[in-house]
Amino acid sequence: MPKDIATVCLDATAADDVTAALTEALAPFAHDAQPVDGRWQGEWDWWHVYGGDGERGLAVRPGHENDPRLIRSPIWLDGSPRPAQPAHRCDGGPRGVLDLDTERTAAAVAAAREWDTWSEFAARFPPAQPLQAKSERSPSGAPAIGLPYQEFREQPLMRALAAWRQSDPNVPAWAKHSDPVEYFGESREQYAHRAAVRAETTNVLVTLDGRWTDCFEYAPTPEEPNAAYAYFDFADRYLRELPDDAFIVRVRFHS
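Quick caveat: nothing in here was measured; it's all calculated off a predicted structure.

The next thing to look at is helix 7 (residues 227-240). Over its 14 residues, helix 7 extends 21 Å from the first C-alpha to the last, a length consistent with the 20 Å expected when each residue adds 1.5 Å. Taken across its 14 residues, helix 7 has 10 buried, putting it largely inside the fold. Within helix 7, burial applies to Ala-227, Tyr-229, Tyr-231, Phe-232, Asp-233, Phe-234, Ala-235, Asp-236, Tyr-238 and Leu-239. In the core, the buried residues of helix 7 are packed alongside strand 1 (3-10), helix 2 (102-122), helix 6 (188-196), strand 6 (204-206), strand 7 (212-214) and strand 8 (247-254).

Rendered as structure tokens:
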């Protein structure tokens, strides 16, 4: 059974007792919780406050590193001591003292640079066809059969990529992708946006109104075959639009 990280949103009253507020917010999703409207909602059998160690925690806005409302769990689930986080990182706190912008912007810039690098490389060769073209997806969103694999591999662009991978162990990550033609088959802006919305989101979001939503529940559509992206886009907008006094807390859970 896997572990994962959830981002839990709490209203301003959580400042009185964050642990109690988290317990109440997560209780409906315990494995042994009573069904709601006849539906079992079990998602976890244990959880603890954890936003990530070191540089992986939530970023704190400069000047707010000592805000007493910041959450930094000093122990692990078993009660043993946990390494202290850097002052500019935390497990949670009010939206207004968290920095949800810096890493989001950096992710978008890095993705745009990656898109540019790919485009410059691909421009040296005749346009290539993806293995499974997005335009050929079925109404359900499932990919249709595209080019035969051998034909896909024999395109000049793909042959050049294969030769580059074999001769240079330091090729960029995108050059190792099985189908970079499809992977980069959107505008520079959209590609950068997809990276940006992943920067501060997690696979699970618990909203202020008590909904558990995750990247596995969104279904593909003809307009958006990447169901996970639809979730991350929603979660990113949701976090950025929260009131400044709403709490954002990361918890690790076992499902």
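Tallying each qualifying case throughout the model produces one cavity of 30 Å³ or more. Size it by volume and the largest cavity reaches roughly 40 Å³. Every residue lining the largest cavity is listed: Leu-100, Arg-104, Glu-200, Thr-201, Ala-235, Asp-236, Leu-239 and Arg-240. In terms of residue count, the dominant contributor to the lining of the largest cavity is helix 7 (four residues). Partitioning the lining of the largest cavity into residue classes produces three nonpolar, one polar and four charged.

What follows covers the packing of aromatic side chains. All told, the structure shown has 16 aromatic pairs when counted by the stated rule. On the basis of an interplanar angle of 65 degrees and a centroid distance of 5.8 Å, the ring pair of Trp-164 and Trp-174 is categorised as edge-to-face. Of the two residues, Trp-164 sits in helix 4 (residues 156-167) while Trp-174 sits in the loop between helix 4 and helix 5 (180-183), which places them 10 residues apart along the sequence. Judged by relative accessible area, which is 3%, Trp-174 ranks as buried. Note on Tyr-183 and Phe-184: the rings are 5.1 Å apart at their centroids and 85 degrees apart in plane angle, and the pair reads as edge-to-face. For Phe-184, a relative accessible area of 4% translates into the label buried. Connected via pairs of aromatic rings, a cluster forms that spans Trp-118, Phe-121, Phe-125, Trp-164, Trp-174, Tyr-183, Phe-184 and Tyr-191.

Reading guide: rules and limits
Residues numbered from 1 in each chain as written. Predicted model: local features only at pLDDT ≥ 70, side-chain atom pairs only at ≥ 80, totals over all residues. Heavy atoms only, no water. Helix = DSSP H or I, 4+ residues; strand = E, 2+ residues; numbered from the N terminus. Expected span 1.5 Å × (residues − 1). Buried < 20%, exposed > 50% of the residue type's maximum accessible area, 1.4 Å probe, protein only. Contact = heavy atoms within 4.5 Å. 1 Å grid on protein atoms, 1.4 Å probe; cavity = no way out; pocket = protein on both sides within 12 Å on 5 of 7 lines; lining within 4 Å. Points joined across faces, edges and corners; volume = space filled by probe spheres on them. Nonpolar A, V, L, I, M, F, W, Y, C, P; charged D, E, K, R; others polar. Phe/Tyr/Trp six-rings, centres within 6.5 Å; stacked < 30°, edge-to-face > 60°.

Read these as geometric descriptors, not functional statements.
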